[in-house]
Amino acid sequence: MSWASRRRERWGGAEPGARYYRYPECFLKQKAQTELNSSDPRATAPASPPRVIPRAEHTVSRSQISPNALRVLYRLRDANFQAFLVGGCVRDLLVGLEPKDFDVATDALPEQVKRLFRNCRLIGRRFRLAHVFFGPEIIEVATFRASSAPEPGEEPIEEEDEAEEADLDGDETDLIDQAGPVTEGRAARFEAEHSARETLIDADTERAFDATGRILRDNIYGTVDDDVWRRDFTANALYYNIADFSIWDYTGGAEDIAARRLRLIGDPETRYREDPVRMLRAARFEAKLGFELDPASAEPIERLRSLLGGVPPARLFDEMLKLFLTGHGARSLPVLRRRGLLGALLPSTEAYLAAHPGSLVEQLLMQGLANTDARVKAGRSVTPTFLLALLLYGPIAALIEAMPPSRWHELSAILDACDQAVREAQRHLSIPKRFSLGLREMFALQPRLEHPRGRRALRLLGHPRFRAGYDLLLLRAEFGLANPERAQWWTDLQAAPEAEQGPMADAIAGSTERTAAQKGRRRRRGGRRRGAPSPG
Ligand code: ATP
Ligand code: MG
């Protein structure tokens, strides 16, 4: 069977593969803590008071806000702190989407936040954030950031606070065990990667930049009107004030949301240089919100996208998951390609798609992403392993098909191709081992699924990757890249009572032996094996 191109015969359509695995909960709940890089674009935007949009003039209602976020806001307010909902949640509520999570910004310092909430943990070293835990929900509380506030060193920044975990009830401790180390691991990795770079310190703001203009350190607390200029897009810079339920708008974000426009705050080139990930965020919000990227914010991307090469691969991997596993993956792919950004994440995938426009592999990828989006929307599980299998399908198929056709179904050929494709992807993305191993197993299962060997095939049903391998087979069969009858056989086998599975396996063994014998006869009669077909 060809990996990338339809065989000569056309099969009918099979059921689309639609069962993937669960992506760890902590990803969706946990904020990327690496850094909230921002700048002070007040050099280009005059400091002015916000436009205050009273409750009667906007649509954000408390009934749409998570009760736990409201609890946090009220408690801060009652302790005489300012407390705002900010960022994506306000934006999403204004466009009628359900927010993924709720972020709070306050003038309370992290330690003050911690004193207010028993179920609270401070994370991060340079800039501390408070995570307030409510069962599975985490409300992130960030102190306003600014350039003119006390140095981070003056803040009480301790390492892991042992007492904190003891404060918490059983459930919550479980959750911290999941969320904490991942977050801190990322931050530590980020710091380690940057400590070696050339660093320029701006004496006035005490910010550290690398040679490309990217902010490396910026950890100081300030006021709401400092905080706002450090955010990325105007649509992400609206503050919902719990004191009177108004929205504060410093940057014209409300107007931009109404116009469905995505606009960077400040000078776009400077903002991308400070944090090149903002280019990926632009693509993500274009895809997620269907907003149009303002031409001035779009223009520098082509020139600056190579800066993504300097971003820690772990952060790029996180961004990739946000692009493809949060319900709008099928829209993210064309946006990333249009902006020339897919190559910054997965150059071999971009190269394959560019070389084979409209190929079956591209169709398989788009269908797989659409299936994944449908699962996310239905609240079902999705997995980075399956996503990687989709995204690397083209490069893997190309590597396999570059070998002689007689090797296409050899396990060693398939594994070599997977390893090489993953190695190439690892140059930009830090792919955790469990996902790359899972991908390998999914591909290794394909020939075993395509050519079940009698009752031994039944053992595959208990294989830890069976489900993912079977889903990939269904998808391949849908596009004629695997035999749909065989895919259907696996579907029927799973539905059959146990007593019938053995005879089904015997029957399929007979039929595959017959097919092999027929092929052998054809070859003996002088029929040549077909060479590697051109992909797509
Ligand atoms: P969503 O959660 O829907 O993916 P979001 O806008 O909430 O989108 P987050 O990554 O959760 O995105 O960040 C929360 C807020 O923090 C953003 O809305 C933005 O104001 C700010 N922010 C996040 N990352 C950056 C960045 N790299 N540069 C500047 N501001 C940022
Ligand atoms: Mg968010």
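The structure this text deals with has already been given above.
Structural notes, computed from the coordinates. (Residues numbered from 1 in each chain as written. Chains lettered and ligands numbered in written order. Predicted model: local features only at pLDDT ≥ 70, side-chain atom pairs only at ≥ 80, totals over all residues. Heavy atoms only, no water.)

The next subject is the pattern of salt bridges. All told, the structure shown has 23 salt bridges when counted by the stated rule. Close ionic contact of aspartate 92 with lysine 288 constitutes a salt bridge, the shortest N to O distance being 3.2 Å. Placement of aspartate 92 in helix α3 (residues 88–95) and of lysine 288 in helix α10 (residues 277–289) is noted, with a sequence separation of 196 residues between them. Across the pair arginine 273 and glutamate 269 runs a salt bridge, and its minimum N-O distance is 3.1 Å. With arginine 273 and glutamate 269 both in helix α9 (residues 268–274) and four residues apart, the pair spans about one turn of that helix. (Salt bridge = Lys/Arg side-chain N within 4 Å of Asp/Glu carboxyl O. Helix = DSSP H or I, 4+ residues; strand = E, 2+ residues; numbered from the N terminus.)

Another aspect to go through is the packing of aromatic side chains. Scanning the entire structure with this criterion turns up 12 aromatic pairs. A ring pair is formed by phenylalanine 84 and phenylalanine 144, whose centres lie 6.0 Å apart and whose planes are at 55°; its orientation type is tilted. Taken as a pair, phenylalanine 84 in strand β2 (residues 83–86) and phenylalanine 144 in the loop between β6 (137–143) and α5 (162–167) lie far apart in primary sequence, 60 residues in all. A residue is classified by how much of its surface remains accessible, and phenylalanine 144, at 0% relative accessible area, is buried. Ring centres of phenylalanine 317 and phenylalanine 435 lie 6.1 Å apart, and the angle between their planes is 25°; this geometry places the pair in the stacked category. Taken together, the residues phenylalanine 317 in helix α12 (residues 313–324) and phenylalanine 435 in helix α20 (residues 433–450) connect sequence positions 118 residues apart. The buried category is assigned to phenylalanine 435, whose relative accessible area is 6%. Among the aromatic residues, ring-to-ring pairing joins Phe84, Phe144, Trp229, Tyr239, Trp248 and Tyr250 into one connected group. Seen from the ring of phenylalanine 245, arginine 62 lies directly overhead, with NZ or CZ sitting 3.6 Å from the centre. (Phe/Tyr/Trp six-rings, centres within 6.5 Å; stacked < 30°, edge-to-face > 60°. Buried < 20%, exposed > 50% of the residue type's maximum accessible area, 1.4 Å probe, protein only. Lys NZ or Arg CZ within 6 Å of the ring centre and 35° of its normal.)

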